Amino acid sequence: MLQLRIQFPAQRIFILNLETPVTARANEADAFVFSASPETLAGIPRGRATVANLANNHVFDAGVEAFADTARHVREAGMHAVGAGMDLDEAGRVEVVESQGLRLGFVSFTYARPARRGVPGCAPLDRGFVEARVRAAREQADVVVASFHAGIEYVQVPTRTNVALYRAAVEAGAALVLGHHP
């Protein structure tokens, strides 16, 4: 069993699941397409390290251009975006946040719209991919946080498959595993 004792810095680091496109391009007539205006990001605390998980089932609701808007708006708001991108490399990118000498590496994964080489999407829930990205994060950071947008809606217990992925992330070097979706 991996035991890790870390004294976290006084600075707060926020991670949020941004489960909506942030764009002016969304079609408001479609009730099943999530979207938020760029002004919405003004409500998120400034001056602190904030990591926005984009690996979820709604970030591409308004299309690829709206996703590109979302990633741009997140970065312009001073946040770190993780878990989705214009191709597999970008979706699986490790985001490192340094706080008071401690480097935290963030990676994120989901079941929805998996990215591929040259195809926009999210970092996939593929065991080999998860392990490789967590190991890459561990090489760059003192502490790795792996975030998973997975599970079955309205079910409060993770599936065996998801538990196996979470354990694989820990074995690959994640100190903290976050689960969200249901």
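Residues numbered from 1 in each chain as written. Predicted model: local features only at pLDDT ≥ 70, side-chain atom pairs only at ≥ 80, totals over all residues. Heavy atoms only, no water.

Just give me the short version of the overall build of the protein chain, but keep the residues and values in it.
Counting its secondary structure elements, the protein chain contains 4 helices and 9 strands. The N-to-C order of helical and strand elements in the protein chain reads β-β-α-β-β-α-β-β-β-α-β-α-β. Counting across all 182 residues of the protein chain, residues that qualify as buried make up 45%. Look at the contacts in the protein chain between residues 6 or more apart in sequence, and 71% of them connect residues 24 or more apart. Working note: accessible area of the protein chain is about 9700 Å², and carbon and sulfur atoms make up 50% of it. (Helix = DSSP H or I, 4+ residues; strand = E, 2+ residues; numbered from the N terminus. Buried < 20%, exposed > 50% of the residue type's maximum accessible area, 1.4 Å probe, protein only. Contact = heavy atoms within 4.5 Å. Areas by Shrake-Rupley, 256 points an atom, 1.4 Å probe, with all protein chains shown as cover.)

Please give an account of helix α4 (residues 160–172) that cites residues and values.
Compared with the 18 Å implied by 1.5 Å per residue over 13 residues, the 18 Å span of α4 between its first and last C-alpha is a close match. Listing the buried residues of α4 in full gives Asn162, Leu165, Tyr166, Ala168, Ala169 and Ala172. Along the axis of α4, the buried residues cluster in a sector spanning 160°; they form a single face. Structural note: α4 exposes Arg160, Arg167 and Glu171 on the side pointing more than 90 degrees away from its buried face. Residues of α4 that are buried make contact with α3 (127–140), β8 (143–149) and β9 (176–180). (Expected span 1.5 Å × (residues − 1). Arc of directions from axis to C-beta.)

Hey, could you go over the side chain of Thr23 for me, with residue numbers and the actual values?
Structurally, the position occupied by Thr23 is in the loop between β1 (13–17) and β2 (49–53). Among the residues examined, Thr23 registers a relative accessible area of 4% and is labelled buried. Only 2.6 Å separates the side chain of Thr23 from the side chain of Asp69, close enough to count as a polar contact. (Polar contact = N/O pair within 3.5 Å; in protein donor to acceptor, adjacent residues only side chain to side chain.)

Summarise the packing of aromatic side chains; cite the residues concerned and give the values.
Applying the stated criterion to the full structure yields 4 aromatic pairs. On the numbers, 4.4 Å between centres and 25° between planes, the contact of Phe60 with Phe67 is stacked. An aromatic cluster of at least three residues, connected via ring pairs, comprises Phe109, Phe129, Phe148 and Tyr166. The ring of Phe60 has Arg113 sitting right over it, with the charged end atom 4.4 Å from the ring centre. (Phe/Tyr/Trp six-rings, centres within 6.5 Å; stacked < 30°, edge-to-face > 60°. Lys NZ or Arg CZ within 6 Å of the ring centre and 35° of its normal.)

Explain the pattern of salt bridges residue by residue, including any values.
Counted by the stated rule, this structure contains 6 salt bridges. Here Glu95 and Arg93 are joined by a salt bridge, their closest N and O atoms 3.2 Å apart. On the basis of relative accessibility, which here comes to 14%, the residue Glu95 falls in the buried class. The partly exposed category is assigned to Arg93, whose relative accessible area is 26%. Its salt-bridge partner being Arg127, residue Glu131 comes within 3.1 Å of it at the nearest N-O pair. Here Glu131 pairs with Arg127, and both are found in helix α3, just 4 residues apart, close to one helical turn. Members of the salt-bridge network, linked through shared partners, are Asp69, Arg72 and Glu76. (Salt bridge = Lys/Arg side-chain N within 4 Å of Asp/Glu carboxyl O.)

Residues and numbers for the sheet that holds β9, please.
One open sheet accounts for 4 strands, arranged β5-β6-β8-β9; its pairing is mixed. The sheet terminates laterally at β5 (95–99) and β9, the two strands that pair on one side only. Direction aside, neighbouring strands of the sheet carry axes that sit 20° apart on average. As paired strands, β8 and β9 are joined by 5 bridges and run parallel to one another. Bridged to Phe148 within β9 is Gly179. (Pairing = 2+ DSSP bridges. Axes fitted to C-alpha atoms, helices over the stretch in contact; angles between N-to-C directions.)

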